[in-house]
Amino acid sequence: MYEYEQEDYFEIDENFEFNTGINKLLDEEVEKRLAERVKNYQEAIDRDKKSQKTISDLRSDMHKLQLNLGAAEKTFKKEGADDTLRELLGGFKLGDEVWFVRRRYNRVQCDTCLGDGKVIAEFKGEEMKVQCPKCNGYGHNSDITKSVEKGIIKEIEMHTWANGKKFEVKMYIDPTTYKPGDTVSARTGEFFKTEEECEATLKEE
Ligand SMILES: [Zn+2]
């Protein structure tokens, strides 16, 4: 019994070499496949990284494009707003030179009543003083002298009326072609870019 067991214990498997070889092959195959998987996995990770990089680059490009677009929009809006404002202001801005019609009102003594404001009239054979019909009793008449002058825009006032959709501009001008007394104001249609335009308007009046 003992001997048998001993014998059995020390018996060498006749398939041992074969099994070892198979196992070695299996191990190698497993390793190979594992290596392949690892390689695939690594490649997948690399691909993913590349994709992420591409996505990140695209995002960055997109962001830049959005910034450019934003800047372009801003510029466009600003230029548009500037153009619109210039258009509304008749092409003018503060500090520009502008032509305008200067009006001077002079008191001229009435040549009918000679400044008295009253004239002698005969009514039913009686002489009496009545109000001078030419100066309405003021004794003087107004004489307007108009001239074409130039100045610098120092203030611009804008008025809009919602109902009438009206837009009016009032310019405050410091005269440069004569010694300025006061700042002159001119409304839309009363200030011009050139002397010629201004003179043309004066002739129409
Ligand atoms: Zn008079």
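In the nomenclature of an unreviewed UniProt entry, the protein is known as Zn finger protein HypA/HybF involved in hydrogenase expression of Cytobacillus purgationiresistens.

Describing the domain arrangement of the protein
Frequently, the measure chosen for interface size is the accessible area that the parts lose on association. Its domain assignment divides the protein into domain 1 (1-88) and domain 2 (97-204). A separation of 88 Å is found between the C-alpha centroids of domain 1 and domain 2.

Structural notes on the sheet that holds strand 1 (residues 97-109)
Sheet architecture is open: five strands sit in the order 6-5-4-1-7, paired in antiparallel fashion. Looking at the sheet topology across the chains shown, the edges are occupied by strand 6 (184-187) and strand 7 (191-192). Sheet topology note: the strand 4 (residues 140-161)/strand 5 (residues 166-175) ladder contains 10 bridges and is antiparallel. Considered in strand 5, the bridge of Glu155 is made with Tyr172. In this fold helix 3 (residues 195-204) packs onto strand 1, strand 4 and strand 7, with an angle of close to 35 degrees to the strand it touches most, strand 1.

Considering the confidence of the model for the protein
Taken over all residues, the pLDDT of the protein has a mean of 85, while the share at 70 or more is 94%. Within the protein, helix 1 (residues 2-9) has the poorest average pLDDT of any element, 52, and strand 7 the best, 92.

Quick notes on the pairing of strand 2 (residues 118-123)
Counting buried positions along strand 2 yields zero of six residues, so the element is predominantly exposed. Where strand 2 lies against strand 3 (residues 126-131), six bridges are found, and the strand directions are antiparallel. Counterpart to Phe123 in the pairing with strand 3 is Glu126. Hairpin connection between strand 2 and strand 3: a loop of two residues separates the two successive antiparallel strands, and Lys124 in this loop has a positive phi of roughly 50 degrees.

Procedures and definitions
Residues numbered from 1 in each chain as written. Predicted model: local features only at pLDDT ≥ 70, side-chain atom pairs only at ≥ 80, totals over all residues. Domains from an automatic or database assignment. Pairing = 2+ DSSP bridges. Helix = DSSP H or I, 4+ residues; strand = E, 2+ residues; numbered from the N terminus. Contact = placed C-beta atoms within 7 Å. Axes fitted to C-alpha atoms, helices over the stretch in contact; angles between N-to-C directions. pLDDT = per-residue confidence, 0-100. Buried ≥ 20, exposed ≤ 12 C-beta atoms within 10 Å, placed from the backbone.

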